[in-house]
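Commentary on secondary and tertiary structure
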Amino acid sequence: MTAKNKITVKKNAQPKEKPATDQLAFGTEFTDHMFVMDYTEGTGWHDARIVPYEPFMLDPAAIVLHYGQTVFEGLKAYVTDDKEVVLFRPDENMKRLNRSNERLCMPNFDEELVLDALKELVSLDKEWIPDREGTSLYIRPFIFATQPYLGVAPSKTYRLMIILSPVGAYYKEGMNPVKIAVESEFVRAAVGGTGSAKTAGNYAGAMKAQEVAEAAGYSQVLWLDAKEHKYIEEVGAMNVFFKINGEVITPSLNGSILEGITRKSVIELLQSWGFPVTERKVSIQEIFDANAAGTLEEAFGTGTAAVISPMGELSWGGEKCEINGNQIGELSLKLYETITGIQTGRVEDPFNWVVKVD
């Protein structure tokens, strides 16, 4: 029996009306179906199924509600110009989800089975995939503890789910550089903590700093390390890159930084183009010094939602640093166009990153 044959399917008898593609926001509309699979200690993962999208019952004492034992992923499905439905490096998302599981004391799952389920779910709801420029179908796999228990211990039962959401273009008014506030008070994650896992608490803990930054007129927060408050880690929920004097530099993965799939793709692309890329500790002082010396050429964040998000201004300790005249850098734009081109089939994929959905 193949992994795919282990998945049962119950189709939605009352399909929902699909939203207009020119009115899509992010994460507000959901398709007709979802994937569900349960875990019981001693039995393992069982009852893999695709069912109509609907609310479900959860015990008020479920461990996830009290101790935050949950992890998630985010990826997208695209429609190419040839009308094929494709995914971008979904195997990397499956691997990272299992790595997050390990950090949160949660059981690993069969990556082949869940990826097959994801493909089947996307295929079933493929009519929901918008084909307007910049749009896609956002895919959210997540796992959470379901055992009703108020003791502090790993759950004995879990649920893995996948839901789908048609989303609009990330840049509604074009790909413009954003203003970033360097965060010196709050901390996103610490080495030895859960920063390298994609877990809900990391995002909840970051909201206060984001709220303060937005109130001051900034789009995102640039996070510094928890110990010395001097080394750069991430920007918002994205990995971050700097181009200094022709060299591309990104903070090395140190246990508190999430290993982004777009980050990995950017590094591999740059190396294939012959660009010098260095993964190392980067201090905020080095960035401001490089800007003062005229060698800071570009800065950008990378992530699933935006792909490439150029930074136009940094604010730190009362000082401001304008990057590349607050214009999109040549390399940032090339990376964005190449990756989105590969995702939509408009650019050749020499890395075999794109996976077709049957």
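Basis of the calculations
- Residues numbered from 1 in each chain as written.
- Predicted model: local features only at pLDDT ≥ 70, side-chain atom pairs only at ≥ 80, totals over all residues.
- Heavy atoms only, no water.
- Phe/Tyr/Trp six-rings, centres within 6.5 Å; stacked < 30°, edge-to-face > 60°.
- Helix = DSSP H or I, 4+ residues; strand = E, 2+ residues; numbered from the N terminus.
- Buried < 20%, exposed > 50% of the residue type's maximum accessible area, 1.4 Å probe, protein only.
- Axes fitted to C-alpha atoms, helices over the stretch in contact; angles between N-to-C directions.
- Parallel < 35°, antiparallel > 145°, perpendicular 65-115°, else oblique.
- Left-handed = near helix turned anticlockwise from the far one by under 90°.
- Contact = heavy atoms within 4.5 Å.
- Nonpolar A, V, L, I, M, F, W, Y, C, P; charged D, E, K, R; others polar.
- Salt bridge = Lys/Arg side-chain N within 4 Å of Asp/Glu carboxyl O.
- Patch = residues over 30% accessible without salt bridge, like charges linked within 9 Å, V, L, I, M, F, W, Y side chains within 5 Å.
- Areas by Shrake-Rupley, 256 points an atom, 1.4 Å probe, with all protein chains shown as cover.
- Core = buried A, V, L, I, M, F, W, Y, C linked by side-chain atoms within 4.5 Å.
- Polar contact = N/O pair within 3.5 Å; in protein donor to acceptor, adjacent residues only side chain to side chain.

Describing the packing of aromatic side chains
Taken as a whole and assessed by the stated rule, the structure comprises 11 aromatic pairs. Each ring, one from phenylalanine 26 and one from tyrosine 138, has its centre 5.0 Å from the other, and the planes form 65 degrees; the classification is edge-to-face. You can see phenylalanine 26 sitting in the loop between β1 (8–9) and β2 (33–40) and its partner tyrosine 138 sitting in strand β7 (residues 136–145), a full 112 residues away along the chain. Look at phenylalanine 26 and you get partly exposed, because its relative accessible area is 45%. Looking at tyrosine 138, the relative accessible area reads 10%, which means it is buried. Each ring, one from phenylalanine 56 and one from phenylalanine 144, has its centre 5.8 Å from the other, and the planes form 20 degrees; the classification is stacked. With phenylalanine 56 in the loop between β3 (44–52) and α1 (63–67) and phenylalanine 144 in strand β7, the pair connects residues that are 88 residues apart, well separated along the chain. One aromatic cluster is present, formed by Tyr39, Trp45 and Tyr158 through successive ring pairs.

A few points about the packing of helix α2 (residues 90–103) against helix α3 (residues 111–124)
Think of two packed helices as two axes; the pair is described by the angle between the axes and how far apart they sit. One can describe the packing of α2 onto α3 by two numbers: an axis separation of 10 Å at closest approach and a directional angle of 130 degrees. Between α2 and α3, the interaxial angle falls into the category oblique. Pair α2 / α3 crosses with right-handed handedness. Between α2, through Pro90, Asp91, Met94, Lys95 and Asn98, and α3, the contact on the second element is made entirely by Glu111, Val114, Leu115 and Leu118. Considering only residue class, the contact of α2 with α3 consists of five nonpolar, one polar and three charged.

Re unusual backbone geometry
We note that aspartate 47 has phi near 55 degrees; this positive angle belongs to a residue other than glycine. In this fold, aspartate 47 is placed in strand β3. The phi angle at arginine 89 is positive, at roughly 50 degrees, despite the residue not being glycine. Inspection of the secondary structure puts arginine 89 in the loop between β6 (85–88) and α2. Arginine 89 gets classed as buried once you look at its relative accessible area, which sits at 6%.

Here we look at the pattern of salt bridges
All chains considered together, the criterion is met by 18 salt bridges. Put simply, arginine 159 and aspartate 38 hold a salt bridge, and the shortest N to O gap is 2.7 Å. Here arginine 159, found in strand β8 (residues 157–167), pairs with aspartate 38, found in strand β2; they are 121 residues apart in sequence, far enough to count as distant. Of the two residues, arginine 159 and aspartate 38, neither departs from the other in class, the shared state being buried. Close ionic contact of arginine 96 with glutamate 73 constitutes a salt bridge, the shortest N to O distance being 2.7 Å. You can see arginine 96 sitting in helix α2 and its partner glutamate 73 sitting in the loop between β4 (70–72) and β5 (75–79), a full 23 residues away along the chain. Of the two residues, arginine 96 and glutamate 73, neither departs from the other in class, the shared state being buried.

Observations concerning the packing of helix α5 (residues 261–272) against helix α7 (residues 330–344)
Where α5 contacts α7, the axes come no closer than 11 Å and their chain directions differ by 110 degrees. Between α5 and α7, the angle is such that the two are roughly perpendicular. Where α5 abuts α7, its residues Thr262, Val266, Leu269 and Leu270 lie against Leu331, Leu335, Thr338 and Ile339. Class assignment of the residues belonging to the contact of α5 with α7 gives a composition of six nonpolar, two polar and no charged.

Details of a nonpolar patch on the surface
Among the surface-exposed residues, Phe56, Leu58 and Leu65 lie close enough to one another that they form a single nonpolar patch of about 260 Å² accessible area. Mapped onto the secondary structure, leucine 65 falls in helix α1.

Concerning the nonpolar core
Nonpolar side chains tend toward joint burial in soluble globular proteins. Membership of the largest hydrophobic core comes to 48 residues, with the highest contact counts inside it found for Phe35, Val122, Ile139, Ile143, Leu160 and Ile162. Per element, the largest residue contribution to this core is seven residues, and it comes from α3. Ignoring anything within four residues of it in the chain, the contact list for valine 122 reads Ala77, Val85, Ile129, Leu137, Ile139, Leu164 and Val357.

What about the environment of asparagine 254?
Within the element layout of this structure, asparagine 254 appears in the loop between β13 (247–251) and α5. Expressed as a C-alpha distance, the spacing of asparagine 254 and glycine 193, which sit 61 residues apart in the sequence, is 11 Å. Discounting chain neighbours no more than four positions away, the residues touching asparagine 254 are Val191 and Glu233. Only 3.4 Å separates the side chain of asparagine 254 from the backbone nitrogen of isoleucine 257, close enough to count as a polar contact.

Treat this as a map of the structure, not an account of what it does.
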